[in-house]
Amino acid sequence: MKTSKLTLYIFISLVAGIFVGWKFPSIGKEMQPLAHIFLNMIKMIIAPLLFSVVVTGIASHGNIKSLGKLGAKTIIYFACATSFALVIGLSVGLIFKPGEGFSTAISQNMIDTASSMAAQSTHESIIDMFVNIIPTSIIKAMAYGDLLQIVVFSIFFALAICAVGEKAKPVLDCVSSLSEVMFKFTQFVMNFAPIGVFGAISYAIAESGMGIMLNYAKIIGSLYFALILFLFVILNIACRIVGISVFSLLRAVREPAILAFTTSTSEAALPQAMKIMENFGVSKNIVGFVMPTGYTFNLDGSTLYLALAMLFSVQIVGIHLEPLQLLFLMGTLMLTSKGIAGVPRVALVILAGTLSSFGYPIIGVAILLGVDQILDMGRTTVNLIGNCIATVVIAKWENEFNYSKLAQFNMQFAKLKKENMPSFDNKFISDMGIEEHSEYGVLEGHDN
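Residues numbered from 1 in each chain as written. Predicted model: local features only at pLDDT ≥ 70, side-chain atom pairs only at ≥ 80, totals over all residues. Heavy atoms only, no water.

**Describing the overall build of the protein**
We apply this condition: Runs of E in the DSSP output that reach at least two residues are strands. Runs of H or I that reach at least four are helices, and both are numbered from the N terminus. By the convention used here, residues are in contact when the closest approach between their heavy atoms is within 4.5 Å. Computed with the Shrake-Rupley method and a 1.4 Å probe, the accessible areas treat only the protein chains shown as cover for residues.
Within the protein, the regular secondary structure consists of 23 helices and two strands. When contacts within the protein are restricted to residue pairs at least 6 apart in sequence, those whose partners lie at least 24 apart make up 83%. Of the roughly 20000 Å² of accessible surface on the protein, a fraction of 64% belongs to carbon and sulfur atoms.

Below, the structure written as structure tokens:
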């Protein structure tokens, strides 16, 4: 299935799912297994794909000394990005005050669920977190989908291949072949994406109902405004610094972004996003290291949401926070959102635990439960896009960005547009964000 056709089919499935969930909710609720089947298909390819990509990228690169520098730069970027996400979430919450004047019915079941979330352990100490990134069994890590443990094992495996040298070449060739096979496997699985999208979105709409959008309009609007602001201000600035058009990147990741949005899970989009970023010009070792690590340490959308949801929760009960209290709360959220356990609705679990630890009422968590699916769709999409941009920034920082691949990607897009638009001309190429890069003599994206 060609990429352009797949995008069209996914979009059609999205619209059809909204219609079915809205008009035929009883049928929409029965569509959830379609989403589960697709997500299970995605999960079964992540571990072998991630292992083969990381090993091939690092072992083929051969420069072991650069690995530590890569890790340090990655963590620095992640810390900066999530800090800006917290600031934007906090600022939007203070300006729009989504919790003030909020009124809706809350069931006892919602309150009980929020209470159980507050009792869950959402994070570990810093020492325990670092201890637990070392897998006791790679089979167990793959079975439970622990991306960070898989990355750590893959790094050591790649370093061992480099240390052995020529004798390990057959192993490297085998892993490299596995990488190609898994990417082809991913293409096969992606053909089922429209079915998964239809099942996920029809169930989400049927479960929440269209009317809930009106009751929660202020918090939904505040979050999506903050996410868009973060995307087109902070992430756009990051792209400008490294000379890449954010619009060009958004075009590249449109399919995995739609998947992340409709399924509310980053896992569904990870395999395809990794392949796209490699085609976009990011080296394989950067993609293999930064993307999975980012899903633990660079959840921009979730971090922004936590800041906004925290303010929402205290505003609905009339609590006014002083600047020092806000600063301390934001610092706590920054730490508790790193290395979190893989539990359902983890953002709400963190929120409930943080509110409870500071002695604030958790009624806000109960209220947000009713619309969490809709909020999760937005924050998951920004998590994905943020990690894709992170790979570009780190690749440019490491001088491992391939301008030729970027030029080829942009020209393929231009060719597609030309085939569908008879009036296509050079002005469209200029508007699209493609220009000649003087240093490399190739085309590069730019912001207009």
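**Considerations on the pattern of salt bridges**
The following threshold applies: Any Lys or Arg side-chain nitrogen located within 4 Å of an Asp or Glu carboxyl oxygen qualifies as a salt bridge. Residue burial is assigned from relative accessible area. The probe radius is 1.4 Å, only protein chains are included, and a residue is buried under 20% of its type maximum, exposed over 50%, and partly exposed in between.
Taken as a whole, this structure holds four salt bridges when the rule is applied. Note that Arg-379 is salt-bridged to Asp-372, the shortest N-O span being 3.0 Å. The same class applies to Arg-379 and to Asp-372, which are both buried. Several salt bridges share partner residues, and in doing so they unite Asp-372, Asp-376 and Arg-379 into one network.

**Concerning unusual backbone geometry**
Despite not being glycine, Ser-264 has its phi angle at roughly 60 degrees, a positive value. One can find Ser-264 in the loop between α14 (254-263) and α15 (270-280). Judged by relative accessible area, which is 13%, Ser-264 ranks as buried. Located in the positive-phi region is Asn-399, a residue other than glycine, with phi close to 60 degrees. Here Asn-399 is to be found in the loop between α21 (372-397) and α22 (403-420). The exposure class of Asn-399 is exposed, given its relative accessible area of 69%.

**Considering the packing of aromatic side chains**
To keep it simple, the criterion reads: Pairs were defined over the aromatic rings of Phe, Tyr and Trp, the Trp ring being its six-membered one, requiring ring centres within 6.5 Å. Orientation was assigned from the angle between planes: stacked under 30 degrees, edge-to-face over 60, tilted for the rest. Distance and angle both matter: a charge sits over a ring if NZ of Lys or CZ of Arg is within 6 Å of the ring centre and within 35 degrees of the ring normal.
Applying the stated criterion across every chain, the model contains 11 aromatic pairs. Their ring planes at 65 degrees and their centres at 5.3 Å tell us that Phe-51 and Phe-157 sit as a pair that is edge-to-face. One end of the pair, Phe-51, is in helix α3 (residues 32-61); the other, Phe-157, is in helix α8 (residues 147-164), and 106 residues separate them in sequence. Every member of this aromatic cluster is reached through a ring pair, and the members are Phe-51, Phe-153 and Phe-157. Taking NZ or CZ as reference, Lys-23 lies 4.3 Å from the ring centre of Trp-22, over its face. The ring of Tyr-305 is capped by Arg-379, whose NZ or CZ atom sits 4.2 Å from the centre of that ring.

**Description of the packing of helix α10 (residues 193-208) against α14**
Formally: Here an angle of 0 to 180 degrees is reported between the N-to-C directions of two axes, which are lines fitted to C-alpha atoms, with helices fitted over the stretch in contact. By the definition adopted for this analysis, an angle is roughly parallel if under 35 degrees, roughly antiparallel if over 145, roughly perpendicular if from 65 to 115, and oblique otherwise. Crossing handedness: left-handed means the near helix sits turned counterclockwise from the far one by under a right angle, and right-handed means the same turn made clockwise.
Relative orientation of the contacting elements α10 and α14 amounts to 30 degrees, with a least axis distance of 8 Å. What the angle tells us is that α10 and α14 run roughly parallel. At the point where α10 passes α14, the crossing takes the left-handed sense. Within the contact between the two elements, α10 uses Ala-193, Val-197, Ala-200 and Ile-201 and α14 uses Leu-259, Thr-262 and Thr-263.

**Some words on α15**
α15 sits mainly inside the fold: nine of its 11 residues count as buried. Trailing α15 by a residue or two, Gly-281 shows a phi angle of about 130 degrees, which is positive.

**Let's talk about the packing of α15 against α21**
How we decide: Polar here means any residue outside two lists: the nonpolar Ala, Val, Leu, Ile, Met, Phe, Trp, Tyr, Cys and Pro, and the charged Asp, Glu, Lys and Arg; Gly therefore counts as polar.
Between α15 and α21, whose axes approach to 10 Å, the crossing angle comes to 35 degrees. Between α15 and α21 the crossing geometry is right-handed. On the side of α15, the interface is formed by Ala-273, Met-277 and Phe-280, while α21 contributes Leu-384, Cys-388, Thr-391 and Val-392. Among the residues making up the contact of α15 with α21, the classes are represented as six nonpolar, one polar and no charged.

**Some thoughts on helix α17 (residues 300-315)**
As a reminder of what qualifies: The span one expects for a helix is its residue count, reduced by one, times 1.5 Å.
When the terminal C-alpha atoms of α17 are compared, their 23 Å separation across 16 residues agrees well with the 22 Å that a helix rising 1.5 Å per residue should span. The element α17 is largely enclosed, with a buried count of 16 among its 16 residues.

**Considering a nonpolar patch on the surface**
Threshold: What makes a patch is a set of residues exposed beyond 30% relative accessible area and free of salt bridges, joined within 9 Å when like-charged and within 5 Å when nonpolar (Val, Leu, Ile, Met, Phe, Trp, Tyr).
Side chains of Ile-95, Phe-96, Phe-225, Leu-229, Val-233, Ile-237 and Ile-241 sit close together on the surface and give an oily, nonpolar patch of about 660 Å² of accessible area. Counting residues per element, the ones that place at least two in the nonpolar patch are α4 (65-96) and α12 (217-241). Looking at the nonpolar patch element by element, the count peaks at five residues for α12. On the secondary structure map, Val-233 appears in helix α12.

**Let's talk about the nonpolar core**
Let me state the cut-off plainly: We define the nonpolar core as a collection of buried residues of types Ala, Val, Leu, Ile, Met, Phe, Trp, Tyr and Cys that are connected through side-chain atoms lying within 4.5 Å of one another.
Of all hydrophobic cores here, the largest spans 133 residues; its most connected members are Tyr-77, Phe-280 and Ile-389. Beyond its immediate stretch of four places on either side in the chain, Phe-280 contacts Ile-244, Ser-248, Leu-249, Ala-252, Val-392, Phe-401, Asn-402, Lys-405, Leu-406 and Phe-409.

**Examining the confidence of the model for the protein**
Operational definition: As a per-residue quantity, pLDDT reports the predictor's confidence and falls between 0 and 100.
Here the protein averages 82 in pLDDT, and 82% of its residues register 70 or above. pLDDT under 50 marks residues 421-448. Its contacts with residues more than four places away, or in other chains, come to 61 contacts.

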